Amino acid sequence: MSTHRKFGWVLIAVYQEGLIYDGFLWNPAPVLGTVMGAGCVFFLKRSLGTQVQRALTGFAAGVMVAASIWSLLIPAMEQAADMGKGAVIPAAAGFWLGILFLLILDRLIPHLHRNADQPEGVKSGFGRTTMLLLAVTLHNIPEGMAVGVVYAGFLTGNDEITAAGALALSLGIAIQNFPEGAIISMPLRAEGMKKGQAFLSGVLSGIVEPLGAVLTILAAQFVLPALPYLLSFAAGAMLYVVVEELIPEMSAGKHSNIGTVFFALGFSVMMVLDVVLG
């Protein structure tokens, strides 16, 4: 199957953030993870407790850190292996570009983090709910980019990126999307929003992921020599979110080790997925 035909299949399956390849449809796990998490609003009567939110946030952070290393940064250096010791240059450059990209978005997009009183970004007339959704949407951008760039690498026939490795990243993102969907929908329900609206808000917070994945795949098609930069770019963007948002949230308030423990658990799960499936 030619590369162009493979990309055609990608576009056909765009709504699923998925890929049809060799007769198989790789699962739309990242989107389903968000949907299932947001669906908790229909089954749980109470809002998520502080300790539960810390645990879920820590788990998501651990998955993202492990994915950044094993699924993005290491493959980025492997892609540039013919540069010898200089293989670290594309990885470092792309990493910093990803950091700066998220830093700029963080400065420009009005958003409000959970447990925060003051919004960030430019001043706007947005309500609290809208800015909470924008905060989650902002940190979902690099996750979609990560899935897209890894699948783009697989589509181009790179030996360093396998279908199983791309699937491992997809499953890892899906696992950490589940708590993200719940963390959005449950607090909104607790604030008085109807269940259906809270569920839809949780789902919409993750819609940027498939869009980011598709745009990254299309970009990679035209700038294949830059694939090491794109891989490390996604890693930098993901780690920015972890350090700037997730780690503070899992450590806020009264001291507790629950966030740290679940960070280690999420890291381990993603590491195992990548090594076993990759």
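For the structure itself, look to the data block above.
Worth saying up front: this structure is predicted, and the values here are computed from it rather than measured.

Visitor: Help me understand the overall build of the protein in this model?
Guide: When helices and strands are tallied, the protein shows 10 helices and 2 strands. Scanning the protein from its N terminus toward the C terminus, one meets helices and strands in the order α-β-β-α-α-α-α-α-α-α-α-α. Relative to its 278 residues, the protein shows a buried fraction of 51%. Within the protein, contacts between residues separated by at least 24 positions form 77% of all contacts whose residues are at least 6 apart in sequence. For the protein, the exposed area adds up to about 12800 Å²; of that, 69% sits on carbon and sulfur atoms.

Visitor: Before we go on, may I ask you to explain a nonpolar patch on the surface in this structure?
Guide: Residues Ile74, Met77, Met83, Val88, Ile89 and Tyr229 make up a contiguous nonpolar surface patch of about 500 Å² in total accessible area. Here Met83 shows up in the loop between helix 3 (50–79) and helix 4 (88–108).

Visitor: I'm lost on helix 9 (residues 227–251) in this one. Help?
Guide: Three- or four-residue spacings in an α-helix give side chains the same orientation, since the helix completes a turn every 3.6 residues. Taking 1.5 Å of rise per residue, 25 residues should cover 36 Å, and helix 9 covers 35 Å from first to last C-alpha, within 8% of that figure. At Val242, helix 9 shows its maximal bend, which comes to roughly 35°. Two residues or fewer after helix 9 comes Gly253, characterised by a positive phi angle close to 80°.

Visitor: Got a minute to help me understand the nonpolar core in this structure?
Guide: When a protein is soluble and globular, its nonpolar side chains tend to lie buried together. If you look at the biggest cluster of nonpolar residues, it comprises 42 residues, and the most contacted ones within it are Leu72, Val149, Val150, Leu169, Leu231 and Met238. For this core, the secondary-structure elements that each account for two or more residues are helix 3, helix 4, helix 5 (128–155), helix 6 (163–190), helix 9 and helix 10 (258–277). A per-element tally of this core places helix 9 first, with 12 residues. The residues touching Val149, leaving out its near neighbours within four places in the chain, are Leu72, Thr216, Leu227, Leu230, Leu231 and Ala234. Counting 10 residues, the second-largest nonpolar core is a separate cluster that includes Cys40, Val41, Leu133 and Ile184.

Visitor: Looking at this model, I keep getting lost on the packing of aromatic side chains. Mind explaining?
Guide: The description of an aromatic ring pair rests on the distance of the ring centres and on the angle between the ring planes. Throughout the structure, instances matching the rule amount to 3 aromatic pairs. Where Phe42 meets Phe199, the ring centres are 5.3 Å apart and the plane angle is 50°; that geometry is what we call tilted. With Phe42 in the loop between helix 2 (29–38) and helix 3 and Phe199 in helix 7 (residues 195–204), the pair connects residues that are 157 residues apart, well separated along the chain. Taking the relative accessible area as the measure of exposure, Phe42 reaches 41% and is therefore partly exposed. When the centroid spacing of 5.4 Å and the interplanar angle of 45° are considered together, the rings of Phe101 and Phe233 count as tilted. Of the two residues, Phe101 is situated in helix 4 and Phe233 in helix 9; the sequence distance between them amounts to 132 residues. Accessibility expressed as a relative area gives 32% for Phe101, which makes it partly exposed.

Calculation notes
Residues numbered from 1 in each chain as written. Predicted model: local features only at pLDDT ≥ 70, side-chain atom pairs only at ≥ 80, totals over all residues. Heavy atoms only, no water. Helix = DSSP H or I, 4+ residues; strand = E, 2+ residues; numbered from the N terminus. Buried < 20%, exposed > 50% of the residue type's maximum accessible area, 1.4 Å probe, protein only. Contact = heavy atoms within 4.5 Å. Areas by Shrake-Rupley, 256 points an atom, 1.4 Å probe, with all protein chains shown as cover. Patch = residues over 30% accessible without salt bridge, like charges linked within 9 Å, V, L, I, M, F, W, Y side chains within 5 Å. Salt bridge = Lys/Arg side-chain N within 4 Å of Asp/Glu carboxyl O. Expected span 1.5 Å × (residues − 1). Bend = angle between axes of the 7 residues up to and from the residue. Core = buried A, V, L, I, M, F, W, Y, C linked by side-chain atoms within 4.5 Å. Phe/Tyr/Trp six-rings, centres within 6.5 Å; stacked < 30°, edge-to-face > 60°.

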